[in-house]
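Structure at a glance
Okay, here's what each chain looks like letter by letter:
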Amino acid sequence: MTFFSAIIRKIIYHTAGLCPRVNKAVLGSYKNQFSDNAKYLYLHWQHTGLIRSIWISGDNAVIKRLRKEGFEAYNRRSIVGIFHCLTAKFYFYNSYVGDINQYFAKGAVKINLWHGSPLKKIEFDITSGPLAHTYQADTLLGEWKNRLHYHQQHIKPDMMLSPSPVIDSLFSSAFRLAAHQLIRSGNPRTDYFKRYPEQTKSIPELLNTQYKKVILYVPTWRDSNINNKRDEQKKTIENPYDKGFDWAALSKQLKRNKQLFLVRFHPNEAHLGKDLNQYSNIIDISHWEDVYNILQGVDLLITDQSSLFIDLLLHQVPILFYSFEQGGKPEKLREIYDYAEFLPLVGQVTSNEAINNRYRVYQFQVLMERLDRDETFHISPSTINEYQLLRNIFWQQQKCDAFENIEHYLFSNKKQNKTEGTEKSGLLGSRF
């Protein structure tokens, strides 16, 4: 974006703050997907009808599908979509206001539902790597330029959900929030299936096949490769996961053991899985909206730093951390938070020595050996306390239902809000 365009964007954004807002919610997700926390909050409100909720996306296929199901959805660039972005009182998004519309969010109550619970540093806590320049500056002029060119990354939310005191401190630091802006709560993506268990999916039925064990591999986004350039001659992009896996050998063993290996790459790396479906018993599901409806059917999670393992603690699924070697040393991922080094199961993430233990392996052959053992797929009595301790760190035991907490925050004075909404636009029943 040019300097002139960035200035125009700021002018539009601040002008949008003059628009009156009415009691309705617009929701959206990264890369125009229908996914993650915003998706499940939206679906919940479609069930309850508590507030008029509108999905905003740039993907017409997503919009068409939602409308076919009887839901309200608009393209962010359409006249009606722009109208709702300018007049909605509440913005709910998974990453940045641009999930909905980065030009028209000024004046709305912005609730960032964030898509993970971090081990690796996020947002303003990032001090190294290719993303650091987005958030860090040495001078006031540099900070001003960052605010201009990285507009939506510098828009602070008004509220975030946090399931535990540990996450409180991380979100406060990373998003520069005060304590009162954090609401103790679970997440819609996990709490939805507690409320609507009938919405879960059976993996055998979904994939029309039977397996003894289902393994889910979910690595974190390797933003260290963000500056990798396309080989103009071969028209290919180097796949870093080919260094950590012999896919053919893995497929052979999976087939022998009647195991299914589901691979879900981060949305920014989803293209890397397109060739994996040529291998038996390996299925790339990176194109799926998300995986929360199948988590109850997973027998083992393999990851490196992906925070999905935190959600799977609620399902008591065994976890195996795999950080494959590069050049004889563990691969260096984004800088992690200090607390992660001392977590049960997770610790020693940044060790310079590739020493395998009960929970973490570094060599592909060792990974293969672990997948050949039945005990890998069970939480043993000797390790159950560590799993429980880790769960208690990230999830509070008291009732923290996301929908109740969000609705209490927004509608603690329901009668007043309803009256305001009726007076302004009759919004709960109106389509415009």
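Residues numbered from 1 in each chain as written. Predicted model: local features only at pLDDT ≥ 70, side-chain atom pairs only at ≥ 80, totals over all residues. Heavy atoms only, no water.

Topic: the overall build of the chain
Scanning the chain from N- to C-terminus turns up 15 helices and 15 strands. Taking all 432 residues of the chain together, the buried fraction comes to 53%. Within the chain, residue pairs in contact and separated by at least 24 positions form 68% of the contacts whose partners lie at least 6 positions apart. With an accessible surface of roughly 20300 Å², the chain has 51% of that area assigned to carbon and sulfur atoms. (Helix = DSSP H or I, 4+ residues; strand = E, 2+ residues; numbered from the N terminus. Buried < 20%, exposed > 50% of the residue type's maximum accessible area, 1.4 Å probe, protein only. Contact = heavy atoms within 4.5 Å. Areas by Shrake-Rupley, 256 points an atom, 1.4 Å probe, with all protein chains shown as cover.)

Observations concerning the sheet that holds strand β12 (residues 319-322)
Taken in spatial order, the six strands of this open sheet run β10-β9-β8-β11-β12-β15, and their pairing is parallel. Where the open sheet ends on each side, the last strands, each with one partner, are β10 (282-284) and β15 (360-361). Examined bridge by bridge, strand β11 (residues 300-303) and β12 share three bridges and lie parallel to one another. Note on β12: the bridge partner recorded for leucine 301 is isoleucine 319. Along the sheet face, helix α12 (residues 364-371) touches β8 (213-217), β9 (259-263), β11, β12 and β15 and points at about 165° away from the line of β12. (Pairing = 2+ DSSP bridges. Axes fitted to C-alpha atoms, helices over the stretch in contact; angles between N-to-C directions.)

Here we look at helix α13 (residues 384-394)
All buried positions along α13 are accounted for by Tyr387, Leu390 and Phe394. Looking straight down α13, one finds that the buried residues subtend no more than 65° of arc, so they occupy a single side. Where the residues of α13 are buried, they touch α7 (165-175), α11 (308-312) and β12. (Arc of directions from axis to C-beta.)

Details of the pattern of salt bridges
Pairing between side chains becomes possible if they bear opposite charge and their charged atoms approach one another. Summed over the entire model, instances satisfying the criterion amount to 15 salt bridges. Lysine 121 is the salt-bridge partner of glutamate 335, the closest N and O atoms lying 3.1 Å from each other. You can see glutamate 335 sitting in the loop between β14 (329-330) and β15 and its partner lysine 121 sitting in the loop between β5 (109-112) and α5 (132-135), a full 214 residues away along the chain. We classify glutamate 335 as partly exposed; its relative accessible area is 31%. Lysine 121 gets classed as buried once you look at its relative accessible area, which sits at 16%. (Salt bridge = Lys/Arg side-chain N within 4 Å of Asp/Glu carboxyl O.)

Considering the side chain of threonine 383
Summarising the element assignment, threonine 383 is placed in the loop between α12 and α13. Note on threonine 383: relative accessible area 4%, which makes it buried. Beyond its immediate stretch of four places on either side in the chain, threonine 383 contacts Arg358 and Tyr359.

Observations regarding the sheet that holds strand β7 (residues 182-184)
With respect to topology, seven strands assemble into an open sheet ordered β3-β2-β1-β4-β5-β6-β7, the strand pairing being parallel. With partners counted over all chains shown, the strands left at the sheet margins are β3 (73-75) and β7, one partner each. Shown here is a sheet whose adjacent strand axes are inclined to one another by a mean of 25°, direction ignored. Pairing of β5 with strand β6 (residues 159-162), which is carried by two bridges, proceeds in the parallel orientation. Within the sheet, the bridge partner assigned to asparagine 112 lies in β6 and is methionine 160. Packing of helix α2 (residues 36-48) onto the sheet brings it into contact with β1 (22-28), β2 (53-57) and β4 (88-93), and relative to β2 it is tilted by some 145°. Sheet contacts for helix α14 (residues 402-411): β1, β4, β6 and β7; angle to β4, the most-contacted strand, approximately 155°.

Observations regarding unusual backbone geometry
For aspartate 36, which is not a glycine, the phi torsion comes out positive at approximately 60°. In this structure, aspartate 36 sits in helix α2. Non-glycine residue glutamine 316 carries a positive phi angle of around 55°. Among the structural elements, glutamine 316 can be located in the loop between α11 and β12.

Digging into the confidence of the model for the chain
Of the residues in the chain, 87% have a pLDDT of 70 or more, and the chain-wide mean is 87. Every residue in residues 224-235 is under pLDDT 50, and counting partners more than four places away or in other chains gives 10 contacts. In this model, residues 414-432 is a region of pLDDT below 50 whose contacts with residues beyond four sequence positions or in other chains number 29 contacts. (pLDDT = per-residue confidence, 0-100.)

Some details on the environment of alanine 105
Here alanine 105 is to be found in the loop between β4 and β5. A relative accessible area of 0% places alanine 105 in the buried class. Between the C-alpha atoms of alanine 105 and glycine 17, which are 88 residues apart in sequence, the distance is 7.5 Å. Other than its neighbours up to four places away in sequence, alanine 105 contacts Tyr13, Arg21, Tyr91, Val97 and Lys110.

Some details on the packing of aromatic side chains
Tallied over the full model, the rule gives 32 aromatic pairs. Relative to phenylalanine 92, the ring of phenylalanine 90 lies with its centre 6.4 Å away and its plane at 40°, an arrangement referred to as tilted. What makes phenylalanine 92 buried here is its relative accessible area of 0%. For the ring pair phenylalanine 245 and phenylalanine 364, a centre distance of 6.0 Å and an interplane angle of 65° mean the geometry is edge-to-face. Placement of the pair is phenylalanine 245 in the loop between β8 and α10 (247-257) and phenylalanine 364 in helix α12, with a sequence separation of 119 residues. On the accessibility criterion, phenylalanine 245 (5% relative accessible area) is buried. Every member of this aromatic cluster is reached through a ring pair, and the members are Tyr217, Tyr241, Phe245, Trp247, Phe261, Phe265, Tyr322, Phe324 and Phe364. (Phe/Tyr/Trp six-rings, centres within 6.5 Å; stacked < 30°, edge-to-face > 60°.)

Focus on the side chain of aspartate 168
Within the secondary structure, aspartate 168 is located in helix α7. For aspartate 168, a relative accessible area of 18% translates into the label buried. If near-sequence neighbours (up to four positions away) are discounted, aspartate 168 is found in contact with Ser162, Leu182 and Arg184.

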